[in-house]
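Spelled out, the chains give:
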Amino acid sequence: MSSDSSHAIDQAPGHVVHTDPETGKTGMWLFLFTELLLFGGLFLIYGVYRSMNESAFHHAAAELNVAMGVTNTIVLLTSSLTMVMAVSALQRNQVKRSLSFLTGTLLLSATFLVIKFFEWSAKYHHGIFPGQDHLHEMPHGEGLFFNLYFMMTGLHGIHVIIGMIVMTVVLFKIRSGALAADNYGMLEYTGLYWHLVDLVWIFLLPLFYLTT
Amino acid sequence: MSNSHTAVAEKPHVLPDGLFIMVWVALLVLTAITVGGSVFFPGKVGILVAVIVTPVKATLILMYFMHLKYEKKAFTIMFLVAVGVLSVFIGLTFFDYLLR
């Protein structure tokens, strides 16, 4: 992902490091398409099972905490805003501003995970968690709903964690000056990834929380 | 090998922060509409609202936050091809399941 090509041995004095934003961006988008198909496959499974277990899905969805789901949507949408502002701040060479917005994005993603943790542990205490007996004893359709819920929000959660790790790396790179106004590619690609994570959540909200 | 024409990247198209804030407000309003739809009109109407509003939200994120509106057309075409492939998968699978 890094567009750093300073390893060239034959570096002439005054050599300018080549960066090709267009190519880097194309690569990132190609990766995002594979993500789209990954989540798309899961949405497809959800769609088919929902059409076969309509009432069970509605019944099971009533168990989810709408307030928490909506709060997390607001948190993620806001984190997308701070992310895009971090990118444009670095493009304008406002390094400090960019760092603050990126830190804000990190804090918001942590907030998202904390809310998710409370949500999941509440379900766990009610015996609704993969591997627990209560989930197995549920009517077939409701069990399917919860397994899909944990699978899809879990996979999404892993994406949030990966995003946070990448953001931390980018944060240090901006601090050290490795990423700057003339070489912001890695921050931009991280932003694209983060918006995709947001995008997936936008579809998860109505599918799981708002189906009642 | 290094000539200044290829080395210096094009000036990025930096959008004003005000635009991003407007998009963010629009996304929050659309979220409120979706949630309101499902709370006050549970059932078919609520689902219909979500089906209409959610792709609008996705388009806003893609066009502004992900800059698709300001990139070369090729990016949009690539994206539409990927979505098209996904739609074919989804369409054919439902065609199978619903007509069994």
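How each quantity is defined
Residue positions are counted from 1 within each chain, in the order its sequence is given. Written order determines the labels here, with chains lettered from A and ligands numbered from 1. Under the rules for a predicted model, residues below a pLDDT of 70 receive no local features and side-chain atom pairs below 80 are neither given nor counted, while totals for whole chains, interfaces and linings still include all residues. A run of H or I in DSSP counts as a helix once it spans at least four residues, and a run of E counts as a strand once it spans at least two, with each numbered from the N terminus. Comment: burial labels come from other C-beta atoms within 10 Å of the residue's own C-beta, placed from the backbone, where a count of 20 or more is buried, 12 or fewer is exposed, and between is partly exposed. Contact between residues is assigned whenever the C-beta positions, reconstructed from backbone atoms, fall within 7 Å. The source of the domain bounds is an automatic or database domain assignment. Lines are fitted to the C-alpha atoms to define the axes, a helix being fitted only along its stretch in contact, and any angle between axes, read from their N-to-C directions, falls within 0 to 180 degrees. Throughout this description, any angle smaller than 35 degrees is read as roughly parallel, any larger than 145 degrees as roughly antiparallel, any in the 65 to 115 degree range as roughly perpendicular, and the remainder as oblique. Whether a crossing is left-handed or right-handed is set by the direction in which the near helix is turned from the far one by less than a right angle, anticlockwise for left-handed and clockwise for right-handed. Each residue is assigned to one of three groups, with Ala, Val, Leu, Ile, Met, Phe, Trp, Tyr, Cys and Pro labelled nonpolar, Asp, Glu, Lys and Arg labelled charged, and all others, Gly among them, labelled polar. One confidence number per residue, pLDDT, is output by the predictor and ranges from 0 to 100. Multiplying 1.5 Å by the residue count of a helix minus one yields the expected span of that helix.

Moving on to the overall build of chain A. Summing up its helical and strand segments, chain A has 7 helices and 0 strands in all. Scanning chain A from its N terminus toward the C terminus, one meets helices and strands in the order α-α-α-α-α-α-α. In terms of overall dimensions, chain A has a C-alpha envelope of 70 × 30 × 25 Å along the principal axes. For chain A, the proportion of its 212 residues judged to be buried stands at 38%. Considering only contacts within chain A whose residues lie at least 6 apart along the sequence, 73% involve residues at least 24 apart.

Time to look at the overall build of chain B. Looking only at helices and strands, chain B features 4 helices and 0 strands. Listed by position from the N terminus, the elements making up chain B come as α-α-α-α. When each of the 100 residues of chain B is scored for burial, the buried share is 19%.

A word on the domain arrangement of chain B. When its domains are assigned, chain B resolves into domain 1 (16-66) and domain 2 (72-100). For domain 1 of chain B versus domain 2 of chain B, the distance between C-alpha centres works out to 22 Å.

Time to look at the packing of helix α3 (residues 66-91) of chain A against helix α7 (residues 185-209) of chain A. Residue and element names in this part refer to chain A. Where α3 contacts α7, the axes come no closer than 10 Å and their chain directions differ by 165 degrees. Here α3 is positioned roughly antiparallel relative to α7, judged by the angle of their axes. Here α3 and α7 pass one another in a crossing that is left-handed. Across the interface between the two elements, V66, G69, T73, L76, L77, S80, M83, V84, A86, V87 and L90 of α3 pack against L187, E188, G191, W194, H195, D198, W201, L205 and Y209 of α7.

Each side of the interface is counted separately: chain A has 36 residues, and chain B has 35 residues. Where the side of chain A that touches chain B is concerned, the elements lending two or more residues are α1 (21-52), α3 and α7 of chain A. Its residues assigned to classes, the side of chain A that touches chain B shows 21 nonpolar, 12 polar and 3 charged.

Looking now at the confidence of the model for chain B. Residues and elements named next belong to chain B. Of all residues in chain B, 88% have pLDDT values of 70 or greater, and the mean over the chain is 87. Ranking the elements of chain B by mean pLDDT puts helix α1 (residues 4-7) last with 42 and helix α2 (residues 17-40) first with 95. Note that residues 1-9 has pLDDT below 50 and, in this model, 10 contacts with residues that lie over four places away or in other chains. Model confidence for the complex: the whole-complex pTM is 0.88, and ipTM, which rates the interface, is 0.87.

Compared with the 54 Å implied by 1.5 Å per residue over 37 residues, the 54 Å span of helix α6 (residues 140-176) of chain A between its first and last C-alpha is a close match. Just past α6 of chain A, the residue G177 of chain A takes up positive phi, approximately 90 degrees.

The residue A58 of chain B is located in helix α3 (residues 44-65) in this model. A58 of chain B sits in the partly exposed class, given 17 other C-beta atoms within 10 Å. When the C-alpha positions of A58 of chain B and L27 of chain B are compared, they lie 9.1 Å apart, and in sequence the two are 31 residues distant. In this view, A58 of chain B contacts L199 and I202 of chain A; residues no more than four positions away in its chain are not counted.

A positive phi angle, near 70 degrees, is found at N93 of chain A, a position not held by glycine. Mapped onto the elements, N93 of chain A comes out in the loop between α3 and α4 (95-125). Judged by local crowding, N93 of chain A falls into the exposed class, with 12 C-beta atoms found within 10 Å. We note that H67 of chain B has phi near 65 degrees; this positive angle belongs to a residue other than glycine. Structurally, the position occupied by H67 of chain B is in the loop between α3 and α4 (73-98).

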